[in-house]
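Survey of secondary and tertiary structure
One-letter residues, chain by chain:
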Amino acid sequence: MQSHDKQMPIMEHLIELRNRLTWAVLALFITFGVCYYFVEDIYGFLVRPLADIMGPDRRMIYTALTEVFFTYVKVSFFAACFVSAPVFLGQFWAFVAPGLYKNERSAFMPFLFATPVLFLMGGALVYYFIMPLAWKFFLSFEQVGGASALAIQLEAKVGEYLSLVMKLIFAFGLCFQLPVLLTLMARAGIVTANGLASRRKYAVVIAFVFAAVLTPPDLISQVGLGIPIIILYEISIIMARISERKRAKKAAAEEDEEDDEDGEQAEASGTAVATSDDSVDQQAAAAASYDDGQTSLTRSSEDDGAPRLSGPSRKDDGEDDFNNAR
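To keep things clear, this report deals only with the structure shown in the data block. (Residues numbered from 1 in each chain as written. Predicted model: local features only at pLDDT ≥ 70, side-chain atom pairs only at ≥ 80, totals over all residues. Heavy atoms only, no water.)

Topic: the overall build of the protein
- Helix and strand content of the protein: 12 helices and 0 strands.
- For the protein, the succession of helices and strands along the chain, N to C, is α-α-α-α-α-α-α-α-α-α-α-α.
- In the form shown here, the protein has an accessible surface area of approximately 21,700 Å², with 64% of it arising from carbon and sulfur atoms. (Helix = DSSP H or I, 4+ residues; strand = E, 2+ residues; numbered from the N terminus. Areas by Shrake-Rupley, 256 points an atom, 1.4 Å probe, with all protein chains shown as cover.)

The following block contains the structure:
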């Protein structure tokens, strides 16, 4: 990573970030144009849960001249953000991935794919299950007029309906990111599975409070969002336990490798010490044999009275020859 930082200074990083953001914004504008071309079909898809309950003879109204236009712009932008999300995530990953290690890239890659999938699951849940039940609940307050009472009938506004639908889809999609968030925090060591399990009762209360804030003031929407949050919280605990087990196995494997390396180093150092001891012993034995040969040669020359063929003639010369021989 240091060599990579040397090759790419801060200005080159900023230029790379600008290029990635340019491609992401360009993809957003292109998808916005395409979605605005099909905006009536997209808005009809969003209105279908209410239209199925109200029937074909009912209508929606708008009270401002620009309300429908800006509603269509909001629908197009909302759909464009969802469609262009893979491009944005891909550009984000292309910018961040070169600065990560190989194990970090392999760890974050599944969450990159899980984020849009979980958001889609949250939107599908609110569209196919929560919205029909909620609209049926709200339409139950309609009354038929009589002799002593006026009729109460829903005249839904285009802008208000879209704001409510977008709020529900965004709330459910955001809550479905809970497993991704808690699993990443568990991988980073910020939270633990035991800590999450011990705080389960607080999580249940917070889930229903969060659902009451984000959803309309009806029991169906609140329960429909609170129960999935609790289920996702339990899934997050399981994912955190799996992450902790993998991290523990990896740490144990690294410790075993370090122990093996230490053992090999100790064995190598012991072999080197033994070799040096053997060489010292061999040198000592050679010196002792030399001393014995010089002593026997001197004694034989003195006993025979003949001139000595080799060996020191004087004591100091013998020491010099002995040192030279060593």
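Details of the packing of helix α7 (residues 158–175) against helix α10 (residues 200–214)
- Remark: α7 packs on α10, axes separated minimally by 10 Å, with the N-to-C direction vectors making an angle of 155°. By the criterion of interaxial angle, the relationship of α7 to α10 is roughly antiparallel. For the crossing formed where α7 meets α10, the hand is right-handed. Where α7 abuts α10, its residues K167, A171 and C175 lie against F210, V213 and L214. (Axes fitted to C-alpha atoms, helices over the stretch in contact; angles between N-to-C directions. Parallel < 35°, antiparallel > 145°, perpendicular 65-115°, else oblique. Left-handed = near helix turned anticlockwise from the far one by under 90°. Contact = heavy atoms within 4.5 Å.)

Structural notes on the packing of helix α2 (residues 10–37) against helix α4 (residues 67–83)
- Taken N-terminus to C-terminus, the directions of α2 and α4 make an angle of 130°; their axes are 8 Å apart at the nearest point. Classed by the angle they form, the pair α2 and α4 counts as oblique. α4 is crossed by α2, and the crossing has right-handed handedness. Here L28, T31, F32, C35 and Y36 of α2 lie close against α4, whose contacting residues are F69, Y72, V73, S76, F77, A79, A80, C81 and V83.
- Of the residues belonging to the contact of α2 with α4, the class tally is 12 nonpolar, 2 polar and no charged. (Nonpolar A, V, L, I, M, F, W, Y, C, P; charged D, E, K, R; others polar.)

Regarding a negative patch on the surface
- Together, E254, E255, D256, E257 and E258 line one region of the surface with negative charge.
- Following the sequence through the fold, D256 ends up in helix α11 (residues 219–304).
- According to the relative accessible area criterion, D256 is partly exposed, its value standing at 45%. (Patch = residues over 30% accessible without salt bridge, like charges linked within 9 Å, V, L, I, M, F, W, Y side chains within 5 Å. Salt bridge = Lys/Arg side-chain N within 4 Å of Asp/Glu carboxyl O. Lys, Arg positive; Asp, Glu negative; His and termini not counted. Charge placed at Lys NZ, Arg CZ, Asp CG, Glu CD. Buried < 20%, exposed > 50% of the residue type's maximum accessible area, 1.4 Å probe, protein only.)

Remarks on the pattern of salt bridges
- Summed over the entire model, instances satisfying the criterion amount to 4 salt bridges.
- Between R58 and E142 there is a salt bridge, with the nearest N and O atoms lying 2.6 Å from each other. Here R58 is found in the loop between α3 (39–54) and α4, whereas its partner E142 is found in the loop between α6 (102–139) and α7, with 84 residues between them in sequence.
- One salt bridge connects R200 with E234, and the closest N-O pair in it is separated by 2.5 Å. Here R200 is found in helix α10, whereas its partner E234 is found in helix α11, with 34 residues between them in sequence.
- A relative accessible area of 33% places R200 in the partly exposed class.
- We classify E234 as partly exposed; its relative accessible area is 28%.

Quick notes on a positive patch on the surface
- On the surface, R187, R241, R245, K246 and K249 cluster together into a patch of positive charge.
- In terms of residue count, α11 provides more of the positive patch than any other element does, 4 residues in total.
- Tracing the chain through its elements places R187 in helix α8 (residues 178–187).
- Accessibility expressed as a relative area gives 37% for R187, which makes it partly exposed.

Description of the packing of aromatic side chains
- Applying the stated criterion across every chain, the model contains 11 aromatic pairs.
- A ring pair is formed by Y37 and F38, whose centres lie 4.9 Å apart and whose planes are at 85°; its orientation type is edge-to-face.
- Members of the aromatic cluster, connected to one another through ring pairs, are W135, F137, F138, F141 and Y161. (Phe/Tyr/Trp six-rings, centres within 6.5 Å; stacked < 30°, edge-to-face > 60°.)

Concerning α10
- A rise of 1.5 Å per residue sets the reference length of α10, with its 15 residues, at 21 Å; its end C-alpha atoms lie 21 Å apart and thus fit the reference within 8%.
- For α10, the set of buried residues is A203, A207, A211 and L214. Buried positions in α10, seen along its axis, are confined to an arc of 75° and lie on one side of it. With respect to the buried face of α10, the exposed residues turned more than 90 degrees away are K201, Y202, V205, I206 and V213. (Expected span 1.5 Å × (residues − 1). Arc of directions from axis to C-beta.)

Overview of α7
- The end-to-end C-alpha distance of α7 is 26 Å, a good match for the 26 Å that 18 residues give at a rise of 1.5 Å each.
- When we look at burial in α7, the residues that qualify are V158, G159, Y161, L162, V165, L168, I169, A171, F172, G173 and C175.

Structural measurements only, silent on function.
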